[in-house]
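# Structural features, examined
Each chain, letter by letter, is given below.
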Amino acid sequence: MRRLFPILILVFLIGCRQNSVAPTGTVTENAMVVSARIEASALGSAIMEEGGNAFDAMAATEMALAVAFPFAGNLGGGGFMVYRTAQGEIGGLDYREKAPAAAHKEMYLDSLGNVIPNMSTVGATAVGVPGTVAGVFAAHKKFGKLPIADIFEKVAQLADKGIIVTEKQAKRLERYRPTIIEVNGDSTLFATPFKVGDTIKYPALAKTLRIIAKNGKDGFYKGEVAQKLASHIQAGGGFVSEEDLANYEAAWRDPVTFNYKDLRIISMSPPSSGGFTMNQILKMMEPHDLASFGHNSEKHIQLFTEAARRAYADRNYWLGDPDFVEIPMEELLSDQYLKERMMGFTFDKATKSEAIQRGEVNIVESDQTTHYSIVDHEGNAVSVTTTINGAYGSKLYNDELGFFLNNEMDDFSAKPGVPNMFGLIGAEANSIAPGKRMLSSMTPTIVEKDGALYMVVGTPGGSTIITAVAQTILNVYEFDMSMQEAVNAPRFHHQWLPDMVIFEPQGFSDSLKLNLEAKGYKINQDRTPIMGKVDAIRILPDGRLEGGADKRGDDTAVGF
């Protein structure tokens, strides 16, 4: 018994170590919203303080981001929500954009079968049928408490009042202004050279929001707004019709759930690839004592990279819209299959991606999309990632309605084997078809520990979303970081093809990279972008909430 006692103490301490980490981020007692802009977080928090729940705050935050963060916040895009109610009920909502009825498999190819440059990325031809407004109404109808018209009115008031331009926002607007002018002409709102400290007011968007407040979901998908929207898109050569808008519906989905050691992870299912890919990555890593390797150590990076390499290869081949393709999820996520996938792994040298599946592409990095995490005073949790795909989407801005349109059609495989704007290769499973939802990397995630709510997490970042979310969870759980420390920590990425490890600018030594290169890993020295802007919440042992708001952006945690 004397021998057993120290072992039991050690097991107890290991089991409790994640609960002992002192918070370093914003801490609140009751409720919290963490999002890309303080205005959106503050409005979502205020809604909850007035008696609303996390789903009311979701509606407010989502719409407020269209005002405060048009870079990615939107009415003209789509997204995914994963939720966990205070009673432990979980679910997912898919309000991803769809291909219009006029879409077809070869719509972005020329007569020789080559992809037409920019057609799926810039302007009206890139636009898919938006799902954001339908998603907000579906979530609120099922779970909301406050009148949704009142929530929309508060956002309309924010649009009337205007948003003060931050330094980061000014830089983004300046960078994309030439393309916005090229698509919309020089009389469009964002042709104006906005500077730091300027106020951008949105009277047209406020009017649109009030029409929706009055008429509900149909205020966007039918009637005046739908007519103007479809006409504008078609005038630019695009494909979305009034009928496409009228037919759009959000879809409830069962999330991907899996255990990693004593965590239960709940993440989005296809057409999001996030939950599937993260499931594979973490389960392939699970047999190893990751904590003993040390954070961002050589062995940590190797193990994560090799798991990611294999998971992204499966993602790119198998995944698509489950309403259109059969995905062998059970087989691909089975313990036996994942064990076999890692059989070729060794810490002695890199596995070549060509050995897993052949291909040659060039990566293009982008920091689009936006994420927000919410926990309310009742214990309901909402994790939402929403997007118009590229920065300011297709760059097509409707001045009459007050918002940008997505370029989400680029997330389909325009031609199997040819990379999209994020360097991701797709296969037939993600080919274009009328009414089909395009594959996504968005990874809104909720984590339980010992059956209780533990973390709410997600990020933007194109193909780096999945790895950024997985690393943030591991930072808290395996490496004893606070939520804010986990969000701040430098990140790295590998996505099968191109066969390169990408590191953020700071936090990784030259000697570490040289050691990895000596083992056969290719390091992309030319591109060292920031990876994501993680917005997350950790539930502390005493029930308080710690927000992790990413310093890489203007992201802010607000609560009470």
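Note that this is a predicted model, so its numbers are computed, not measured.

The next subject is the domain arrangement of the chain. For the chain, the domain assignment lists domain 1 (31-81 + 91-251 + 388-437) and domain 2 (253-365 + 444-544). A straight line from the C-alpha centre of domain 1 to that of domain 2 covers 27 Å.

Moving on, we come to unusual backbone geometry. Cis geometry is adopted by the peptide bond preceding Pro271, which originates at Pro270 and carries an omega value of 15°. Positionally, Pro271 belongs in the loop between β9 (263-267) and α11 (274-285). A cis amide bond, omega 0°, links Leu497 with the succeeding residue Pro498. Backbone geometry places Tyr392, a non-glycine residue, at a positive phi of 55°. Residue position: Tyr392 is located in the loop between β11 (381-387) and β12 (397-398).

On to the packing of aromatic side chains, then. According to the stated counting rule, one finds 27 aromatic pairs in the structure shown. Summarising the aromatic geometry, the rings of Tyr317 and Trp318 are spaced 5.0 Å apart at their centres and angled 85° between planes, so their arrangement reads as edge-to-face. We classify Trp318 as partly exposed; its relative accessible area is 32%. Judged by centre distance (4.7 Å) and plane angle (50°), the ring pair of Phe503 and Phe508 falls under tilted.

On to the UniProt feature "active site" (unreviewed entry) in the chain. Under the local residue numbering, the UniProt record ascribes the feature "active site" (unreviewed entry) to Thr369. Following the sequence through the fold, Thr369 ends up in the loop between α16 (353-356) and β10 (370-375). Residues within four places of Thr369 in sequence aside, it is in contact with Phe69, Ala72, Thr385, Thr386, Thr387, Asn389, Met442, Pro460 and Gly461. Engagement of the side chain of Thr369 in a polar contact is seen with the side chain of Thr387, the distance being 2.9 Å.

Looking now at the packing of helix α2 (residues 38-49) against helix α5 (residues 148-161). At their nearest, the axes of α2 and α5 sit 12 Å apart, and the two run at 150° to each other. Considering the angle they form, α2 stands roughly antiparallel to α5. Note that α2 runs across α5; the crossing there is right-handed. Contacts between α2 and α5 involve Glu39, Leu43 and Ile47 from the first element and Ile151, Lys154, Val155 and Leu158 from the second. Considering only residue class, the contact of α2 with α5 consists of five nonpolar, no polar and two charged.

This part covers the environment of Gln484. Along the chain, Gln484 turns up in helix α18 (residues 483-488). Under the relative-accessibility criterion, Gln484 is labelled buried at 13%. Setting aside residues no more than four positions away along its own chain, Gln484 makes contact with Thr24, Gly25, Glu546, Gly547, Gly548 and Ala549. Looking at Gln484, its side chain comes within polar contact range of the main-chain oxygen of Ala549, at 3.0 Å.

About the cut-offs
Residues numbered from 1 in each chain as written. Predicted model: local features only at pLDDT ≥ 70, side-chain atom pairs only at ≥ 80, totals over all residues. Heavy atoms only, no water. Domains from an automatic or database assignment. Helix = DSSP H or I, 4+ residues; strand = E, 2+ residues; numbered from the N terminus. Phe/Tyr/Trp six-rings, centres within 6.5 Å; stacked < 30°, edge-to-face > 60°. Buried < 20%, exposed > 50% of the residue type's maximum accessible area, 1.4 Å probe, protein only. UniProt positions renumbered as here; feature names shortened; annotations may be inferred. Contact = heavy atoms within 4.5 Å. Polar contact = N/O pair within 3.5 Å; in protein donor to acceptor, adjacent residues only side chain to side chain. Axes fitted to C-alpha atoms, helices over the stretch in contact; angles between N-to-C directions. Parallel < 35°, antiparallel > 145°, perpendicular 65-115°, else oblique. Left-handed = near helix turned anticlockwise from the far one by under 90°. Nonpolar A, V, L, I, M, F, W, Y, C, P; charged D, E, K, R; others polar.

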